[in-house]
Structure formats: C-alpha cells, structure tokens
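Letter by letter, the chains look like this.
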Number of protein chains: 4
Amino acid sequence: MSASGSGETRAAGSLKAPFTWPVRVYWEDTDAGGIVFYANYLKFFERARTEWLRQLGVAQQRLRDETGGMFVVTDTQVRYHRSARLDDLLLVTACVREAGRASLTIGQSALLSPARDGDAPLLLCEGSIRIGWVDARHLRPQRIPTRVVEALQGAG
Amino acid sequence: MSASGSGETRAAGSLKAPFTWPVRVYWEDTDAGGIVFYANYLKFFERARTEWLRQLGVAQQRLRDETGGMFVVTDTQVRYHRSARLDDLLLVTACVREAGRASLTIGQSALLSPARDGDAPLLLCEGSIRIGWVDARHLRPQRIPTRVVEALQGAG
Amino acid sequence: MSASGSGETRAAGSLKAPFTWPVRVYWEDTDAGGIVFYANYLKFFERARTEWLRQLGVAQQRLRDETGGMFVVTDTQVRYHRSARLDDLLLVTACVREAGRASLTIGQSALLSPARDGDAPLLLCEGSIRIGWVDARHLRPQRIPTRVVEALQGAG
Amino acid sequence: MSASGSGETRAAGSLKAPFTWPVRVYWEDTDAGGIVFYANYLKFFERARTEWLRQLGVAQQRLRDETGGMFVVTDTQVRYHRSARLDDLLLVTACVREAGRASLTIGQSALLSPARDGDAPLLLCEGSIRIGWVDARHLRPQRIPTRVVEALQGAG
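1. Section: the side chain of Q60 of chain B
Piece 1. Structurally, Q60 of chain B can be placed in helix α3 (residues 60-67).
Piece 2. Its relative accessible area of 10% is what places Q60 of chain B among the buried residues.
Piece 3. Setting aside its immediate chain neighbours within four residues, Q60 of chain B contacts T50, L53 and F71 of chain B together with W27, L86 and D87 of chain C.

Dropping the structure here:
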C-alpha cells in the first residue's frame, strides 16, 4: 500500500491494463491454516472494485444518498490456485466483463506481489462477480444508474 | 451448540447463574497463530448478549422497527487469559453490571467447555461492554426504552 | 439455534434429506445495506459443512493433529436470490455432489426459516464448494484420507 | 489510502507526531446500523500497529520464522465517541505507552479524515492494546525479542 506501488498501478491502468489495488495481508485475514481465509478474497475483490469505481467517479455512499439505490452482489465465482500468508503484499485487479442495464459482471484476480523487482507476480486466485442494483429501502431490482454504466463503458 | 448443552445452560440461567450461550470455534474465527483471533471474542460476546436479550423478550430488529432506535457500543474492555483453537466449544456468559437510563454495562466471559464431563470450564477471557441507545437515523443518544431496562432489571 | 429446531433437522438428516444447520444472523453478519454481507454466506456454509463432517465422525482439528493434513477450498460458486436481515434464523444445508480421492464437491444452500410453523423456508442462496486436501506444513496437494472419503460416501 | 495522504502522515511521523495509517471504510467494515461495526476498530488498530512495526524494521512473519515466537494481545480497551460510514477515510494512530520485556502497551486512535483540507480530523475512538510474546508452538509467555524492544524505544 506504498505510495509508489499505488501510483504505478494507476499509471498502468491508463494504458488499459486492468485496474490494480494493493492489499496487505494482516492477522485478521488469516486462519489457523496459516494462510489467508478463502472467503476474505471476496473482501479484497470488493476493496479493489470500490477503488476502481471511485477512480471512475462513482462513490457508493454518495450515490446512495442521491439515488436511494445501491449495488447488490448476485453471483460470485472464485477459483483458488495458491495461498498467501501474513505480511504478503497482494495486487488485486478489476475489469468489466459485461456491462448491461440490469447487471454488471466484473472479472477479478489476486496476485502475489514479487519479493524482488523484475520477478512476475504469481496468480493466487481469480473470480467473477455479478452485481445488480436495488432500491435500498425495499431491495427491489432496478436499472443501474446511467452515470455508472457510462463510467464503466468508458473504462472498458 | 448441541441441544442438551443449550438446555442445561438455560436451566442454570433460571437459578440466577449468568446466562450462558454455546459458541463453536470455526475456521473463520481463527488466525495464523492457530488460535481464535482476539477481536472475534467481541463477536462471541455479542452473540451471547443478543440471545440473552431475546430470552428476556428483547428482539433488536423488531425493537428498531417499532422505536426507530438501536443499541450502540460505547466502551469495550477485554482481558485475555488463555487461547482457544479450531473445534473448541466455548461457553459465553452475559450478566448486567449496571443498568441506567442512558447506558448499560454488561459483564461477559468466554470459557472453554471441558472435554470431559465433570471437569470445570477454563476461563479464556472476560470483559465489560458498555452500551447506549441512539435513534437509528441520526445516531443521536437517547434514553434506553423502558421495556428494555425493565427486562434487564428483572434479569439482574 | 434452538434445541427443538436443531433436533428436527437432525432427525430429517437421517431420512436422507440434506444435513441442515441453524444459523442466527447477528450484527457481525450484516452490512450497511441492512442485510447479511454476501461473503458471510461462505462462513455459514462452512459452519454447516463442519458440523456435518463432525456428525459423520470427522473432526478437523483432531484429523490435522493425527495426519498433518487439512482441507483447503479450491473453488466457490454462490448464487444469491434473496437477502436476510438481523435476527433472521437461517437453515444451512450441505450434501455431497462429488467425492473423489483428490477433491470433494459439496452442494450448499441457505434458507430463511419461516416465521410461522407450516410455512415453507425461502431459498436465500445456493452454492457449490470444491475442497482439496494438503499437508499443513508445505500446502502440497495430497489424497483425501480414506476415512473421510468413506464417511462421506456413507452419507451420500 | 491515497499516495499524498500516506506521505504526509509519514513525514509527520518523523517529527515525533504519532505514526498514522490511512484506512478506508468498505462494505465489509459496516453493519446494519449503517456504521462501522465496533469490533472492526480492533482490526484497524492492528493494521496501523503492523505498519508502524514494519516501518521500525519489525516484520512479524519473518520474526516468527526466525525466532519461533509471535505477539499475542492480552488486553484491549476501546472507547467509542463517533461513528464512521461507508467510504469514510480514517486516520489510525499508534504510539508506545509502555515498553517492558514482558509486555508492550500501545496507545491508538481512529480519526475521521476531514472532507476539506484545513479542517481538523474528528476523533472517532481511542484505545489501549497490551501485547505479550509467546512461543508459537506452545503459546508459553516469553520475553519480547530485544530487537523489537529496542526498535520501539527508539520510536518513543
């Protein structure tokens, strides 16, 4: 979560490489297997999605205050390849797979940042997250706000 | 979380022993130290408080729907003595320490259920949780609803 | 997590209905949307899997102490249909979909327990969890211990 | 968690202001009250402690690999003043209160980063965390490694 790492990934983002967000592994993320608890990658994915949306001008709390709506996750698929441990630095990516008016599908992955510069990051896990939009009061499905869809289409 | 265990602790409860709620340790609760992550005892304490309140006739979601208010935690103190591991069965207690109109203080502890009948439970940690009441919309402090205070006074 | 509820679901289990484990929704499980945070269903699924294995004679901590190995999750798929709120009582199921020597696939679902007896539970979400076995020290894939595979084959 | 924010706090750190680590509030951190779940501040505190130790040259996973020991938390006290919401940016501080051979006491706080430059951060909560050292295999208390105590004494 160092300043330079964050800056590099954003520069890369502007070249149409996927958006990347650094996530450090803390005690809270691990389990008695000595590795990151698998369900926590869904949290890491969401942190990266949130920061990616924020960079595209979509702030979720403000959007809810203004529209009365919010995102809900409707499908998650994650495939786990390798484990991460305490103190590891992960790079978490997000990119649009499909952007409709009723749902978005976001492709995501978590990579282990290499200990030495020049080494390639190792793929830890990859997933696909489908998201819909509901009114926050009654949780009824609604169309995703136009400004969100347009922001994502520009990002694709 | 077995039926008989739960029944025994409730029977004990009616004899003015502290309310006790069984909590099993799962992978989600542990960390890379191989033990329960210390912050999770606050969750275990809250599960026991919630079930204790429910037994006293206080259901929090319904109370919020009816009054527009909710509990907030204002102070926590926990002292840790021993660790618990995956698959351990804990007994979590709750009792009133102080019940005013503006705040409640609840005494709590987590004990390791003995592997053999007849052995005494081991104290893992103990704490004190102070709780206030706010309106859920603006989070402004309010008096705790009379029915809650009365339910707890009867329990003391 | 009442005694009678737990007893009923176990009785049902012996008639080859899927194993069912009751899970109560607490504050820790919810998010600012007012509903259960989607990633937490993976925790609920794991609690049910753990209790189901325990009922089949497979205690994970003891198994690790004896064999030096442990389960790891290699794939998760979850489809979300409806939301649950604070204080809801869920029924979480687990059943074998596929039991090989290198991996298990477990089918799982979470249902909302009906407020009135006689009403049918509502499906909240359903998923599929694939699990492998590794030695706990080096995380290298290994065959699942025979006693585990046999216990699950008897359960299917 | 912006680059500039992080840089400023580190610069401040070198002037003997307390170490400060930025933490963004995500969905995972909130509960159905619409605010950060109180137990999660213990996680935020630990992230800040971990980064502070890392900056002082103390990397916990490496230390464990080299010494066979690890930190355990023995006491936590937190007082909550104000709430944080989704998307808020927090500043989490850490400083030594007491550094002995058997235990450390760390003072911590979480502040709400002001929306406008020039405004002062608002205190959300403050706490005190006492930490001991154990051998990781048997969890027996031991003296804190000299290099850790010395690193912290230099930081005080």
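2. Re the relation of the copies chain A and chain C
Piece 1. For the match of chain A to chain C, the screw axis carries a shift of 0.0 Å, the RMSD comes to 0.0 Å, and the turn is 180 degrees. Both copies are brought into coincidence by an operation consistent with a two-fold rotation axis. Within chain A, Q77 of chain A has its C-alpha nearest the rotation axis, a separation of 2.2 Å.
Piece 2. A high fraction, 100%, of the interface residues of chain A reappear at the interface in chain C, so the copies pair face to face through one surface.

3. Points about the interface of chain A and chain C
Piece 1. Between chain A and chain C, the residue contacts involve 23 residues of the former and 23 residues of the latter.
Piece 2. Buried area between chain A and chain C, both sides added, is near 2000 Å², and the carbon and sulfur share of it is 56%.
Piece 3. Interface area lost by chain A to chain C is led by Y38, T76 and Y80 of chain A, which between them contribute 24%.
Piece 4. Taken together, the links from chain A to chain C amount to 2 salt bridges.
Piece 5. Residues D75 of chain C and R79 of chain A are paired through a salt bridge, measuring 3.1 Å at the closest nitrogen-oxygen approach.
Piece 6. At the surface where chain A touches chain C, the tally comes to 12 residue pairs in polar contact (both at pLDDT 80 or more).

4. Let's talk about helix α4 (residues 146-155) of chain B
All names here are of chain B.
Piece 1. Within the span of α4, buried status applies to V148, V149, A151 and L152. Along the axis of α4, the buried positions cluster into a sector of 160 degrees, meaning they face one direction only. Turned more than 90 degrees away from the buried face of α4, the exposed residues are E150, Q153 and G154.
Piece 2. Packed against the buried residues of α4 are α2 (40-55), α3, β2 (69-80), β3 (89-99) and β4 (104-112).

5. Observations concerning the pairing of strand β2 (residues 69-80) of chain C
Piece 1. Of all 12 residues that make up β2 of chain C, 10 are buried, and the element is covered over most of its length.
Piece 2. In terms of strand pairing, strand β2 (residues 69-80) of chain A meets β2 of chain C through 5 bridges, oriented antiparallel. For T76 of chain A, the partnering residue across the bridge sits in β2 of chain C and is V78 of chain C.

6. Details of the side chain of D135 of chain C
Residue and element names in this part refer to chain C.
Piece 1. With respect to the helices and strands, the residue D135 is situated in strand β5 (residues 122-135).
Piece 2. One buried charge, D135, has no salt-bridge partner; the nearest side chain with opposite charge is R140, at 4.9 Å.
Piece 3. Among the polar contacts made by the side chain of D135, one reaches the main-chain amide nitrogen of H138 at a distance of 2.9 Å.
Piece 4. Filtering out sequence-adjacent residues up to four positions away, D135 remains in contact with G68, G69, R140 and Q142.

7. With respect to the pattern of salt bridges
Residue and element names in this part refer to chain C.
Piece 1. Inspection of every chain in the model, using the stated rule, returns 40 salt bridges over all chains.
Piece 2. We note a salt bridge from R49 to E46, for which the minimum N-O separation is 3.3 Å. In this pair, R49 and E46 are both assigned in helix α2 (residues 40-55), 3 residues apart and thus about one turn of the helix distant.
Piece 3. By relative accessible area, R49 is classed as buried at 6%.

8. Focus: the confidence of the model for chain A
Residue and element names in this part refer to chain A.
Piece 1. Looking at chain A as a whole, the pLDDT averages 89, with 89% of positions reaching at least 70.
Piece 2. Confidence drops under pLDDT 50 across residues 1-14; counting only partners more than four residues distant or on other chains, this segment forms 12 contacts.
Piece 3. Confidence metrics for the complex model read pTM 0.91 and ipTM 0.89.

9. Some points on unusual backbone geometry
Piece 1. The backbone phi angle of L139 of chain B is positive, close to 60 degrees, even though this residue is not glycine.
Piece 2. Mapped onto the elements of the fold, L139 of chain B is located in the loop between β5 (122-135) and β6 (141-142).
Piece 3. Of note, D87 of chain C is a non-glycine position whose phi angle comes to about 80 degrees, a positive value.
Piece 4. If you trace the backbone, D87 of chain C turns up in the loop between β2 and β3 (89-99).

10. With respect to the interface of chain D and chain A
A common measure of how large an interface is: the accessible area buried when the components associate.
Piece 1. Across the boundary between the two partners, chain D contributes 22 residues, which contact 22 residues of chain A.
Piece 2. Summing the contributions of chain D and of chain A, the shared interface buries around 2500 Å²; its carbon and sulfur component is 47%.
Piece 3. Remark: the boundary between chain D and chain A carries 6 salt bridges.
Piece 4. D87 of chain D is the salt-bridge partner of R54 of chain A, the closest N and O atoms lying 3.6 Å from each other.
Piece 5. Between chain D and chain A we count 11 residue pairs in polar contact (both at pLDDT 80 or more) in total.
Piece 6. Of all elements in the fold, only β1 (19-24), α2 (40-55) and α3 (60-67) of chain D reach the threshold of two or more residues within the side of chain D that touches chain A.
Piece 7. It is α2 of chain D that contributes the most residues to the side of chain D that touches chain A, 6 residues altogether.
Piece 8. Here the residues of the side of chain D that touches chain A sort into 8 nonpolar, 3 polar and 11 charged.

11. Overview of the nonpolar core
Piece 1. Formed by 95 residues in total, the largest nonpolar core has its most connected members in Y41 and L90 of chain A together with Y41 and L90 of chain C.
Piece 2. When near neighbours in sequence (up to four residues on either side) are disregarded, Y41 of chain A contacts V36, Y80, R82, S83, A84, L90, A110, L124 and C125 of chain A.
Piece 3. Residues Y38, L42, L63 and I129 of chain D belong to the second largest nonpolar core, which totals 94 residues.

12. Overview of the environment of I131 of chain C
All names here are of chain C.
Piece 1. With respect to the helices and strands, the residue I131 is situated in strand β5.
Piece 2. On the basis of relative accessibility, which here comes to 7%, the residue I131 falls in the buried class.
Piece 3. For the pair I131 and P114, spaced 17 residues apart in sequence, the C-alpha to C-alpha distance is 31 Å.
Piece 4. For I131, the contacting residues outside a window of four places in its chain are R49, F71, V72, V73, T74, A102, S103, L104 and I106.

13. Some thoughts on the packing of aromatic side chains
Piece 1. The full count for this structure, using the stated rule, is 24 aromatic pairs over all chains.
Piece 2. Taken together, a centroid distance of 4.9 Å and an interplanar angle of 85 degrees make the contact between F71 of chain C and W133 of chain C edge-to-face. Here F71 of chain C is found in strand β2, whereas its partner W133 of chain C is found in strand β5, with 62 residues between them in sequence.
Piece 3. Members of the aromatic cluster, each reached through a chain of ring pairs, are F37, Y38, Y41, F44 and Y80 of chain A.

14. Topic: α2 of chain D
Residue and element names in this part refer to chain D.
Piece 1. A rise of 1.5 Å per residue sets the reference length of α2, with its 16 residues, at 22 Å; its end C-alpha atoms lie 23 Å apart and thus fit the reference within 8%.
Piece 2. Counting buried positions along α2 gives 14 out of 16 residues, so the element sits mostly inside the fold.
Piece 3. Positive phi shows up at G57, right after α2, with a value of about 95 degrees.

15. Section: the relation of the copies chain D and chain A
Piece 1. Laying chain D over chain A is done by rotating through 180 degrees and shifting 0.0 Å along the axis; what remains is an RMSD of 0.0 Å.
Piece 2. Most of the interface of chain D is mirrored in chain A, where 100% of its interface residues again form contacts.

16. A few points about the pairing of strand β1 (residues 19-24) of chain B
One face of the sheet, then the other: side chains in a regular strand alternate in exactly this way.
Residue and element names in this part refer to chain B.
Piece 1. Of all the 6 residues making up β1, 6 are buried; the element is thus mostly covered by neighbouring parts of the structure.
Piece 2. By the bridge criterion, 6 bridges tie β1 to β3 in an arrangement that is antiparallel. Among the inter-strand pairings, F19 is bridged to a residue of β3, identified as A94.

Criteria and thresholds
Residues numbered from 1 in each chain as written. Chains lettered and ligands numbered in written order. Predicted model: local features only at pLDDT ≥ 70, side-chain atom pairs only at ≥ 80, totals over all residues. Heavy atoms only, no water. Helix = DSSP H or I, 4+ residues; strand = E, 2+ residues; numbered from the N terminus. Buried < 20%, exposed > 50% of the residue type's maximum accessible area, 1.4 Å probe, protein only. Contact = heavy atoms within 4.5 Å. Least-squares fit on C-alpha atoms with pLDDT ≥ 70 in both. Buried area = accessible area lost by both parts, 1.4 Å probe. Salt bridge = Lys/Arg side-chain N within 4 Å of Asp/Glu carboxyl O. Polar contact = N/O pair within 3.5 Å; in protein donor to acceptor, adjacent residues only side chain to side chain. Arc of directions from axis to C-beta. Pairing = 2+ DSSP bridges. Lys, Arg positive; Asp, Glu negative; His and termini not counted. pLDDT = per-residue confidence, 0-100. Nonpolar A, V, L, I, M, F, W, Y, C, P; charged D, E, K, R; others polar. Core = buried A, V, L, I, M, F, W, Y, C linked by side-chain atoms within 4.5 Å. Phe/Tyr/Trp six-rings, centres within 6.5 Å; stacked < 30°, edge-to-face > 60°. Expected span 1.5 Å × (residues − 1).

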